[in-house]
Amino acid sequence: EDAMLSEVSALAGAKGALETFGADENGAVADVANGHFCSALLAASRIEILSRQGRMLMQTGALTEASTVFQYAQDEIPPILSALNAANKSSVIRNILSGVTIIHQAPKQLIVNEGILLFADGEYALAMDKFRAVMEAQRQESKLQTHGTTGHLENWLTVNDSLIPPALNNMALCALYTCQLEKAISLMESLVRENPSRYLTQELAFNLCTMYELGSDVGGRRKRVLQLIAKRFSLHDVPQASFRSN
């Protein structure tokens, strides 16, 4: 609900910006900005809906149908790329698109879709690369946001980490199939070191502790360290059961 409210607020702000620019004497700029925003928002919404439909089909075993739906989602990307490129050149368009998460997430959502299809085809190493790419992209954007900026640039860099948890979970599954546990463990641990409050979630703790048990003789000690970190940062939403303590 919070994510939905944030998205609605961002869209409302963008609509207000459009109305403001529409009243400006430079109508041509407003028309271009309006066109980019509307086209990108519609395309991003379709990508989100089609991606969810594709994942539902995957869960039922309809791989061919899911692949077709994911391709429909891929076909929607041109207006988004056009809008993002235009935003690099125009402060008007940049201000309108800033904070509209669904638009900025769309290209990365398509990469997640590719990873899901590769996983279903047994291409676990390639799928792992896709999920890692998404996670690293959002991780870098989060660093930019955390370091802080001012003015419109701050809004432009505002990100949402919603794709990191599914990317991490899928990457953990790929690691199990490819015997790359230590690589996945190292990446997850680096996230925890970077920002425990942001990344040490219930899901990450459970997956990381499971991999500790499968891939290390000192898994018990590593789990205790993870528990201490959660306690140190008062992460009360991470239950003890997540650490798979005996």
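A few points on the structure. (Residues numbered from 1 in each chain as written. Predicted model: local features only at pLDDT ≥ 70, side-chain atom pairs only at ≥ 80, totals over all residues. Heavy atoms only, no water.)

**Description of the packing of aromatic side chains**
Item 1. Tallied over the entire structure, the rule returns three aromatic pairs.
Item 2. An angle of 65 degrees between the planes, with centres 5.1 Å apart, marks the rings of Phe 119 and Tyr 124 as edge-to-face.
Item 3. With a relative accessible area of 23%, Phe 119 lands in the partly exposed category.
Item 4. Ring geometry for Phe 119 against Tyr 177: centres 5.6 Å apart, planes inclined by 80 degrees, an arrangement best described as edge-to-face. Residue Phe 119 is located in helix 6 (residues 101–120), and its partner Tyr 177 is located in helix 9 (residues 164–178); the two are separated by 58 residues in the primary sequence. (Phe/Tyr/Trp six-rings, centres within 6.5 Å; stacked < 30°, edge-to-face > 60°. Buried < 20%, exposed > 50% of the residue type's maximum accessible area, 1.4 Å probe, protein only. Helix = DSSP H or I, 4+ residues; strand = E, 2+ residues; numbered from the N terminus.)

**Some thoughts on helix 13 (residues 219–232)**
Item 1. The end-to-end C-alpha distance of helix 13, which contains 14 residues, comes to 20 Å, matching closely the 20 Å that a straight helix rising 1.5 Å per residue would cover.
Item 2. Among all positions in helix 13, only Gly 219, Arg 222, Lys 223, Leu 226, Gln 227 and Ala 230 are buried. On an axial view of helix 13, the arc spanned by its buried residues comes to 145 degrees, and they lie on one face. Away from the buried face of helix 13 by more than 90 degrees, exposed residues Arg 224, Leu 228, Lys 231 and Arg 232 are located.
Item 3. As for helix 13, its buried residues are in contact with helix 10 (181–194) and helix 12 (202–215).
Item 4. Following helix 13 by one or two positions, Ser 234 has its phi on the positive side, about 55 degrees. (Expected span 1.5 Å × (residues − 1). Arc of directions from axis to C-beta. Contact = heavy atoms within 4.5 Å.)

**Topic: the pattern of salt bridges**
Item 1. Under the definition given, this model contains eight salt bridges.
Item 2. For the salt bridge of Arg 46 with Glu 76, the shortest nitrogen-to-oxygen distance reads 3.6 Å. Remark: Glu 76 occurs in the loop between helix 3 (63–74) and helix 4 (78–87) and Arg 46 occurs in helix 2 (residues 27–59); sequence separation between them is 30 residues.
Item 3. The partner of Glu 213 in a salt bridge is Arg 244, with the nearest N and O atoms 2.9 Å apart. Of this pair, Glu 213 sits in helix 12 while Arg 244 sits in the segment after helix 13, placing them 31 residues apart in sequence.
Item 4. Classification of Arg 244 as partly exposed rests on a relative accessible area of 29%.
Item 5. The network of salt bridges with common partners includes Glu 182, Glu 189 and Arg 222. (Salt bridge = Lys/Arg side-chain N within 4 Å of Asp/Glu carboxyl O.)

**A word on the packing of helix 12 against helix 13**
Item 1. Running from N to C, helix 12 and helix 13 point in directions that differ by 160 degrees, and their axes come no closer than 8 Å. Looking at the two axes, helix 12 sits roughly antiparallel to helix 13. Crossing angle aside, the handedness with which helix 12 passes helix 13 is right-handed. Residues Ala 205, Leu 208, Cys 209, Tyr 212 and Glu 213 of helix 12 touch helix 13, and the partners they reach there are Gly 219, Arg 222, Lys 223 and Leu 226.
Item 2. When its residues are assigned to classes, the contact of helix 12 with helix 13 shows five nonpolar, one polar and three charged. (Axes fitted to C-alpha atoms, helices over the stretch in contact; angles between N-to-C directions. Parallel < 35°, antiparallel > 145°, perpendicular 65-115°, else oblique. Left-handed = near helix turned anticlockwise from the far one by under 90°. Nonpolar A, V, L, I, M, F, W, Y, C, P; charged D, E, K, R; others polar.)

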